[in-house]
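Okay, here's what each chain looks like letter by letter:
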Amino acid sequence: MNWSNVRLIFHRELRDQLRDRRTVFTIAVLPLLLYPLMGMAMLQVSQFRRDHPSQVWLIGAAGLPDDPLLVGGESFAPSVCTDSEAEMLAIKVSPTLPVGLDRLEEMAETAIRNRSVDAIVYFPPNFGAELNRFRFSLKNRDGADEVPLPEPVLFVDSANDKSRMAAERAQSILNRWRAMIVNDSLRESSIPVAAASPFNVVNSDVAHEVSRRAAFWSKVLPFVVLIWALTGAFYPAIDLCAGEKERGTLETLLSSPAGRNEIVMGKLLTIMTFSMTTSLLNMISMGATGSFIFQHMQQASGMSAYQIGPPPLVALGWLVLALIPISALFSALSLAIAAFARSAKEGQYYLMPLMVASLPLMLLPMLPAAELDLGSSLIPVTGVMLLLRSLMEGQFREALPFAPVVVSVTAVCCVLAIRWAIDQFQNESVIFRESERWGLGLWLRHLMRDRDETPTFGEAILCGVLLLLIRFFAGFMAGMPQNWYGFAGVTIVTLVALIATPVLLMTIMLTRSPAKTLNLTWPKWKVLAGAGLLAALLHPAGMAFSHMIHELYPFSGEVAKQLGLINQLVANAPHFWMVLVVMALLPAICEELAFRGFILSGLRHMGHKWAAIVISSLFFGAAHGILQQSMSACLVGMVLGYLVVQTGSLWTGVIFHFVYNSLSLTLGLRGTEVVEALPALSWVLEPSAGAFGYHWAVTLAATFLGVLLLLWFRSLPYQATAEEKLKSALHHQTLQGSH
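Parameters at a glance
- Residues numbered from 1 in each chain as written.
- Predicted model: local features only at pLDDT ≥ 70, side-chain atom pairs only at ≥ 80, totals over all residues.
- Heavy atoms only, no water.
- Helix = DSSP H or I, 4+ residues; strand = E, 2+ residues; numbered from the N terminus.
- Rg over C-alpha atoms; globule rule 2.2 N^0.38 Å.
- Buried < 20%, exposed > 50% of the residue type's maximum accessible area, 1.4 Å probe, protein only.
- Contact = heavy atoms within 4.5 Å.
- Domains from an automatic or database assignment.
- UniProt positions renumbered as here; feature names shortened; annotations may be inferred.
- Pairing = 2+ DSSP bridges.
- Axes fitted to C-alpha atoms, helices over the stretch in contact; angles between N-to-C directions.
- Parallel < 35°, antiparallel > 145°, perpendicular 65-115°, else oblique.
- Left-handed = near helix turned anticlockwise from the far one by under 90°.
- Nonpolar A, V, L, I, M, F, W, Y, C, P; charged D, E, K, R; others polar.
- Salt bridge = Lys/Arg side-chain N within 4 Å of Asp/Glu carboxyl O.
- Expected span 1.5 Å × (residues − 1).
- 1 Å grid on protein atoms, 1.4 Å probe; cavity = no way out; pocket = protein on both sides within 12 Å on 5 of 7 lines; lining within 4 Å.
- Points joined across faces, edges and corners; volume = space filled by probe spheres on them.
- Phe/Tyr/Trp six-rings, centres within 6.5 Å; stacked < 30°, edge-to-face > 60°.
- Lys NZ or Arg CZ within 6 Å of the ring centre and 35° of its normal.

Along the backbone of the chain there are 30 helices and eight strands. The C-alpha radius of gyration of the chain comes to 34 Å, more than 25% above the 27 Å expected for a compact globule of 739 residues. Considering only C-alpha atoms, the chain reaches an extent of 95 × 75 × 60 Å along its principal axes. Counting the 739 residues in the chain, one finds 43% classified as buried. Expressed as a percentage of contacts within the chain between residues at least 6 apart in sequence, the contacts between residues at least 24 apart total 78%.

Below, the structure is given as structure tokens:
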């Protein structure tokens, strides 16, 4: 790579962007003005904020005891209600219930819904008498435990904020009144009042002022930095790709002596510059404005809760350091997606899913239970945010063990994203896509009339998304089966009707060659036997990987309970061959038709077999529903995809899938019987978590042999698609040009 060309392109793109007043306003001016204006508006609005008094209706006041007094006239007694509380509570007192007891609930519901009152407190007619009886029994030590306690009722509309607030205010006064009754009862019984609360908990905050500031800002600033790093990369990426297509300047740049990868790096550095600038300006503006607002609120209210100063400088240093790889990741993703767009407007549509997909990863660390561990550090973006939070709070001992994992995952994601962006610029069909008229009727006619032998990339993605949606909604509709036959019926319907049938219909309607689409070529017998042997050799490694995932991400209690019930249903199957047919053979056929048939064939039009294998594996994993199973299935799906691509036959995938599932079921359900029937297998298998697993030596040896067998499959003649041949030729041309 010629870095002189990269620098020239970077300076060119930077000058072009700085000439655009919209970009400068969005990137630089808006962050500096947004937060001060928001803070000023919040302070102005807060001046008009005031609390409204609540309307509470007390029914049955005639039955209340005289001591201690709860109600005096048309207000709560001063002994249970402070002046400030009395100002916020307007009560209506009724000596008795105006309707029959059977209509009490109906009357309360009507009164609260009509907003005539916000809450109702009902005291039974014999409330005072029963209370006195209890106190008398307690005083005389005469069966106080057997005396029924009176039960007033507080009616509230939990869907109404005013009603909830009124109930909370009334509940606070009733609690105070009850405490007075308890104290009086204790005195009458010659028991010290302190017996009701033998000790008090004194809170003592040992955190230093800097630590409190760091703890507060560590929950806010990482999200702000990341969300603005993503937003700041959006508009420059769209303008540098789709904008140049519209202006017709991209062809001039592509015809220059600079290589495609140099052009991408120049544009990427430009987008990174704006992404980091936007994020830094937002962080500085928000930190300064927030500090000023909290200082003003502290002075106005005198409350220590607002003693939050600016973020510590060390915390800002960690944020700036993390901003570099995060900006590189978001910039590369935005550049790759924007390169696919025909226009700036279309680019905005394409980039919005990137925002939607990134938000959950940014919000996950903000959950109260989220913490940095090995499992969370493996999640892109989420691991960075959790690591940042730990470093900003000064928890270096807890953060440093996971820092290499977070850095490695982020670095791999950055490299893959940059590689994808470069690949997009080397794809002529992507760079020079032209705008076309679109209409639903025109599109449907095009689908039916201009069918290819195999599905297109878009049709493959559509099929994958459609299968996931069907599986998602079907999961809600299907209840928990009660026996094995119910479980088998649900599984068969799911596999045949919800996976295989839509795929076969799409194959018939959208393609001209179903056999080629589904890779139904029959291979040689030695290839089929090799696929089955490969499944047996890689099964120990797959079990070890699955065990590691369960250690990193253990099942929640509810999921573990459901899986336990399903395992019990499967274990109660009348014949083991039924289990193999339903849970090994049917998935091997139906799922392979979908994921290694239609979807993989369509995805290979991208021109990259590994990208097609990875995406089809992601769909395959997501279709399994439970996260832990999805991760294991995704890894197995990659082996299956590679096997089908190298052999050109779906049947190798079916054989591998069937053998792999059969081994898992056999070890889980019949492991003990197998070892008893074949004692020699005790050298291979060992009890593990209620089932049987492999000895570690067997796992290593089998994995080594499996890798050798994969190398043999790699040596088989590989039938590349036209797009893959073109991409390979362009890649070799680029390499020759660089030398």
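What follows covers the domain arrangement of the chain. How big an interface is tends to be reported as the loss of accessible area on association of its parts. Domain annotation of the chain identifies domain 1 (3–40 + 208–432), domain 2 (52–196) and domain 3 (458–503 + 524–733). On a C-alpha basis, the centroid separation for the pair domain 2 and domain 3 is 63 Å.

UniProt annotation of "domain: CAAX prenyl protease 2/Lysostaphin resistance protein A-like" (unreviewed entry) refers to residues 575–662 when read in the numbering used here. In residues 575–662, helix accounts for 86% and strand for 0%; the two terminal C-alpha atoms are 14 Å from one another.

On to the sheet that holds strand β1 (residues 54–59), then. Taken together, four strands build an open sheet; the order of strands is β4-β1-β5-β6 and the sheet is mixed. Only two strands of the sheet have a single neighbouring strand rather than two, namely β4 (89–94) and β6 (153–155). With strand direction ignored, the average angle separating the axes of adjacent strands in the sheet is 20 degrees. By the bridge criterion, six bridges tie β1 to β4 in an arrangement that is parallel. Bridging across to β4, Trp57 finds its partner in Lys92.

Here we come to the packing of helix α25 (residues 609–622) against helix α26 (residues 627–647). Between α25 and α26, the shortest axis-to-axis distance is 8 Å and the interhelical angle comes to 140 degrees. The pairing of α25 with α26 is recorded here as oblique in orientation. Like other packed secondary-structure pairs, α25 and α26 cross with a definite hand, here right-handed. Each of Lys609, Trp610, Ile613, Val614, Ser617, Leu618, Phe620, Gly621 and Ala622 in α25 lies in contact with α26, whose residues at this interface are Ser630, Ala633, Cys634, Gly637, Met638, Gly641, Tyr642, Val645 and Gln646. Class assignment for the residues of the contact of α25 with α26 results in eleven nonpolar, six polar and one charged.

Turning to the pattern of salt bridges, a few remarks are in order. Note on pairing: side chains with opposite charge can pair once their charged atoms come close. Inspection of every chain in the model, using the stated rule, returns ten salt bridges. Salt-bridge contacts for Glu13 lead to Lys267; the nearest nitrogen and oxygen are separated by 2.9 Å. Taken as a pair, Glu13 in helix α1 (residues 3–19) and Lys267 in helix α10 (residues 260–301) lie far apart in primary sequence, 254 residues in all. Of the residues examined, Glu13 reaches a relative accessible area of 1% and is grouped as buried. Taking relative accessible area as the criterion, Lys267 reaches 0% and is therefore assigned buried. Between Arg176 and Glu85 there is a salt bridge, and its shortest N-O distance comes to 2.8 Å. Of this pair, Arg176 sits in helix α6 (residues 161–188) while Glu85 sits in helix α3 (residues 83–87), and the two are 91 residues apart along the sequence. Judged by relative accessible area, which is 29%, Arg176 ranks as partly exposed.

Moving on, we get to the side chain of Thr507. Along the chain, Thr507 falls in helix α20 (residues 484–510). For Thr507, a relative accessible area of 1% corresponds to the buried category. Among all residues touching Thr507, those that are not within four sequence positions of it are Pro514, Thr517, Leu518 and Phe598.

We now examine α6. In a regular helix each residue adds 1.5 Å, so 28 residues correspond to 40 Å; α6 covers 41 Å between its end C-alpha atoms and thus fits that length. For α6, every residue scored as buried is listed here: Ser163, Ala166, Ala167, Arg169, Ala170, Ile173, Leu174, Trp177, Ile181, Asp184, Ser185 and Leu186. Positioned one or two residues after α6, Ser190 has a phi angle of 60 degrees, which is positive.

Below, the discussion takes up the environment of Leu386. Among the secondary structure elements, Leu386 is positioned in helix α14 (residues 382–392). For Leu386, a relative accessible area of 3% corresponds to the buried category. Other than its neighbours up to four places away in sequence, Leu386 contacts Pro365, Ala370, Glu371, Leu372 and Ser376.

Another point: empty space enclosed by the protein. Going through the model one piece at a time under the given rule, you end up with one cavity of 30 Å³ or more. Its boundaries defined by the atoms lining it, the largest cavity holds a volume of some 30 Å³. In terms of residue class, the lining of the largest cavity is made up of two nonpolar, two polar and three charged.

Taken as a whole, this structure holds eleven aromatic pairs when the rule is applied. Geometrically, the ring pair formed by Trp522 and Trp525 is edge-to-face, given 5.6 Å between the ring centres and 75 degrees between the ring planes. When the ring of Phe656 is compared with that of Tyr660, the centres are 5.9 Å apart and the planes differ by 10 degrees; the resulting orientation is stacked. On the criterion of helical spacing, the pair formed by Phe656 and Tyr660 is a turn pair, its members being four residues apart in helix α27 (residues 650–669). The same class applies to Phe656 and to Tyr660, which are both buried. Three or more aromatic residues joined by ring pairs form one cluster here, namely Phe123, Phe127 and Trp177. It is Lys92 that lies over the ring of Trp57; its NZ or CZ is 4.2 Å from the centre.

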